[in-house]
Number of protein chains: 2
Amino acid sequence: MNQMIEDIEVRAREELFININPIQAAGRLTPEAMKAVIAYGDGYSTCDWCGKPFRLDKISRPPISKFHIELAKFVGMDQARVVPGARRGFQAVVSTLVEKGDSVIVSSLAHYTEFLTVEDARGIVKEVPLNRENIITGENTAQKIEKVTRDTGKLPKLIIIDHFDYLLGNEHDIHGVARVARDYGIPFLANCAYSMGVMPLNGKEIGADFLVGSGHKSFASPAPSGVVATTNEWAEKVFRTTQMVGDVTKRKFGVKEVEMMGCTLMGANLIAMMASFPKIRERVKHWDDEVKKINYFINEFNKIEGNKVISEMPRKHTLTKVDTSGSFDKIARTHKRRGFFLSDELKKRRIVGEFAGATRQWKLNTYGLTWDQTKYLAQAFQEIAKKYGIKVA
Amino acid sequence: MNQMIEDIEVRAREELFININPIQAAGRLTPEAMKAVIAYGDGYSTCDWCGKPFRLDKISRPPISKFHIELAKFVGMDQARVVPGARRGFQAVVSTLVEKGDSVIVSSLAHYTEFLTVEDARGIVKEVPLNRENIITGENTAQKIEKVTRDTGKLPKLIIIDHFDYLLGNEHDIHGVARVARDYGIPFLANCAYSMGVMPLNGKEIGADFLVGSGHKSFASPAPSGVVATTNEWAEKVFRTTQMVGDVTKRKFGVKEVEMMGCTLMGANLIAMMASFPKIRERVKHWDDEVKKINYFINEFNKIEGNKVISEMPRKHTLTKVDTSGSFDKIARTHKRRGFFLSDELKKRRIVGEFAGATRQWKLNTYGLTWDQTKYLAQAFQEIAKKYGIKVA
């Protein structure tokens, strides 16, 4: 282990290895973001030229204000704010709309942070069941709304559905959900943590009231960072400014937005998002090639006897859950390193990011690999299979 | 302007200038933190070795878990968590304790983020008046509690008082407030955004139930970053784990803490805090020297005829509000550059961080300057005064 400072080791996984970690792929920095992080690392680095009205998203040097306008346009919404992680975007919306005992419709594959934000607001999650293909549909969402309304005597206050879920990377019918949401007059938040920043996305086309994205998941930015975008109509509520008045001093901080806690994502993380933004705008145009690569990989991966894919097929996302119970797990059962034999073999081939020791169901992500790396990755798995006597078609 | 990426300029204020910006001084990175930021810049960089129970503060490689234990000890509390900024620490505590209509006691010099977190929880702030020396005392706090209880028919739910306030940098009697809080059985949060990381601090000695600190303000860390620390008793409540169960899937995410939104401060910001920590532990021992430097500076500064200090004297903190209405502002009134003449003169002398254009009341911070820099800074102001015919004693 190479120590950097005391017991903190140097991290060079992205430089030295092919990293197939399911959550890390689209959050690795662009070179531009790395430069930004170095230049703007110091605490309040974004505040050098902060002037009236003294709010982060209004700062023009560096061009934070312009970035906010372009970011909203980029995701097809009227307004956008940066937040410390997608979860803080959920929190802002949920905290605005949900009161004690209110129901919030979520997916049966909802990310845990959606549960937490609802719990924090003292609301209750109500899950939409998956269809047979493990997809959330508009129809199932409508049925769930009906059921919740019958059971509780009132409409749910909010619908949160993931565009692509964290577990299978399946695409859910957010267009259909948006239509249903409108029919019932319930606001709809599309959780785009796995889509905003890697593929084209247009909130108004979808018909969503809120889009939430993640900087560290899909926007080539440091953690924590994220985006919450909305329409002008909802911005008035979720981005409402403070009304509180000090009873002794009569102080007011009128321009500060309550749910944003005033200034949100100061510092290096924001400037890194801004620095990555030109590349992000470019890379979303090549999402189809990323989808081709994962499908190529899965096709090769499935030539290994016993390998299966749990995610929907063909793949629409690079995040994919696979099942190797019928192949690598058979080896693991008798290997002295157990499931770690697969990690060892991968690491020898300069591949990391699998869940160490797991040989049954596990996730991988090929986002951002070149075609050469994708082919090398597929070959590596086939070579390992052959080495242990597993048939490869 | 030196462009780095498109319209983002290189930031090198801390490298090229003496920076007296009131909020930036103690948040500039240590070299160790800068190294950490470079190595751990990529999105989910802290998650490489995340295993059971899958929570940030439990990760042992890099040694995040150990850091949490040492951090709690460092501030004299039982438990600590990192959060994206002090405001998110206030939010966690307020969201736990405060319900609609509840009162929260704050200082008449409370930071605006305290207002926002109370407003977000639908509570109401009640300000403690300052005494004649612009200090919050235990006695005034007790009187305010009495008044609020009389007026509203119930005890306030929480007391939040700033150790050093953001406006004057005055030290408030948090020991006295803590005693009063205990007498009334009301939990007490000491906002240590301007003290944790620059001076010795012991929560249990103070008698506080919560300490909140800021990474980008006083812990040589990138924004957003912060700390919330508490006792075991309160940790059960504020760091409570999720109880929400999915109605369809029966999913639970038991180890995730509701108010922390699960994992809090992943990535470079946390590793930078960890990397700065050894230097932080060392630098708090030399706070007395920092206090000597600001008092030396103010003594020299006050030799300029018409200069005044609005903060308490002698200074107990490096953050200081000064009044130059009787000196530099007189020049500004007829100068063609108005108040910017002072900024121009300072910049010529490689000094930045004053509020550009302000020549009446403004803030500065000498934290972290060497003795040579402190003397140079004092001389610079005297030279400028002399140049414009202001007497210097």
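Let me begin by describing the structure that accompanies this report. None of these values were measured; they are calculated from a predicted model.

On to the overall build of chain A. Scanning chain A from terminus to terminus reveals 15 helices and 14 strands. Taken against the 2.2 N^0.38 rule, which gives 21 Å for 393 residues, the C-alpha radius of gyration of chain A at 23 Å falls within 12% of a compact globule. Projected onto its principal axes, the C-alpha positions of chain A cover 75 × 55 × 35 Å. In chain A, buried positions account for 65% of the 393 residues. Nonlocal contacts in chain A, meaning residues at least 24 apart in sequence, comprise 66% of its contacts between residues at least 6 apart.

Its volume calculated, the largest pocket comes out at about 1,500 Å³. Residue lining of the largest pocket: 45 residues in total, with Cys50, Gly51 and Phe54 of chain A together with Pro22 and Phe355 of chain B positioned closest to the centre. For the lining of the largest pocket, the secondary structure elements donating two or more residues are helix H14 (340-348), strand S13 (351-352) and strand S14 (361-365) of chain B. It is H14 of chain B that contributes the most residues to the lining of the largest pocket, four residues altogether. Grouping the constituent residues of the lining of the largest pocket by class yields 25 nonpolar, seven polar and 13 charged. Roughly 1,300 Å³ of volume is contained in the second largest pocket. In terms of lining residues, the second largest pocket is bounded by 43 residues, among which Pro22, Ile23 and Phe355 of chain A together with Cys50 and Phe54 of chain B are the most central. Looking at the lining of the second largest pocket, the elements that each hand over two or more residues are helix H14 (340-348), strand S13 (351-352) and strand S14 (361-365) of chain A. A per-element tally of the lining of the second largest pocket places H14 of chain A first, with four residues. Class assignment for the residues of the lining of the second largest pocket results in 23 nonpolar, seven polar and 13 charged.

With that settled, the discussion passes to the interface of chain B and chain A. Counting from both sides, the interface comprises 105 residues of chain B and, opposite them, 106 residues of chain A. When chain B packs against chain A, close to 8,800 Å² is buried across both sides, 57% of that on carbon and sulfur atoms. Three residues stand out in chain B for area buried against chain A, namely Tyr44, Met244 and Met261 of chain B, and they jointly supply 10% of the buried area on that side. Here chain B and chain A share 16 salt bridges between them.

Moving on: the sheet that holds strand S12 (residues 319-323) of chain A. Residue and element names in this part refer to chain A. Read across the open sheet, the three strands follow the order S11-S12-S14; overall the sheet is antiparallel. What marks the edges here is a single partner per strand, and that holds for strand S11 (308-309) and S14. Alignment of S12 against S14, held across five bridges, turns out to be antiparallel. Across the sheet, the residue bridging to Thr320 is Leu364, located in S14.

On to helix H6 (residues 138-152) of chain B. Residue and element names in this part refer to chain B. Between its first and last C-alpha, H6 extends 21 Å over 15 residues, near the 21 Å set by a 1.5 Å rise per residue. Among all positions in H6, only Gly138, Asn140, Thr141, Ala142, Lys144, Ile145 and Val148 are buried. At its buried positions, H6 is contacted by strand S5 (103-107), strand S6 (124-128), strand S7 (158-162) and helix H7 (174-184). Once H6 finishes, Gly153 follows within two positions and takes phi at roughly 80°, a positive value.

You can overlay chain B on chain A at an RMSD of 0.0 Å; the transform is a turn of 180° with a shift of 0.0 Å along its axis. Considering both components of the superposition, the chain copies are consistent with a two-fold axis. Here 100% of the interface residues in chain B have copies in chain A that are interface residues too; the copies meet face to matching face.

Quick notes on the rules
Residues numbered from 1 in each chain as written. Chains lettered and ligands numbered in written order. Predicted model: local features only at pLDDT ≥ 70, side-chain atom pairs only at ≥ 80, totals over all residues. Heavy atoms only, no water. Helix = DSSP H or I, 4+ residues; strand = E, 2+ residues; numbered from the N terminus. Rg over C-alpha atoms; globule rule 2.2 N^0.38 Å. Buried < 20%, exposed > 50% of the residue type's maximum accessible area, 1.4 Å probe, protein only. Contact = heavy atoms within 4.5 Å. 1 Å grid on protein atoms, 1.4 Å probe; cavity = no way out; pocket = protein on both sides within 12 Å on 5 of 7 lines; lining within 4 Å. Points joined across faces, edges and corners; volume = space filled by probe spheres on them. Nonpolar A, V, L, I, M, F, W, Y, C, P; charged D, E, K, R; others polar. Buried area = accessible area lost by both parts, 1.4 Å probe. Salt bridge = Lys/Arg side-chain N within 4 Å of Asp/Glu carboxyl O. Pairing = 2+ DSSP bridges. Expected span 1.5 Å × (residues − 1). Least-squares fit on C-alpha atoms with pLDDT ≥ 70 in both.

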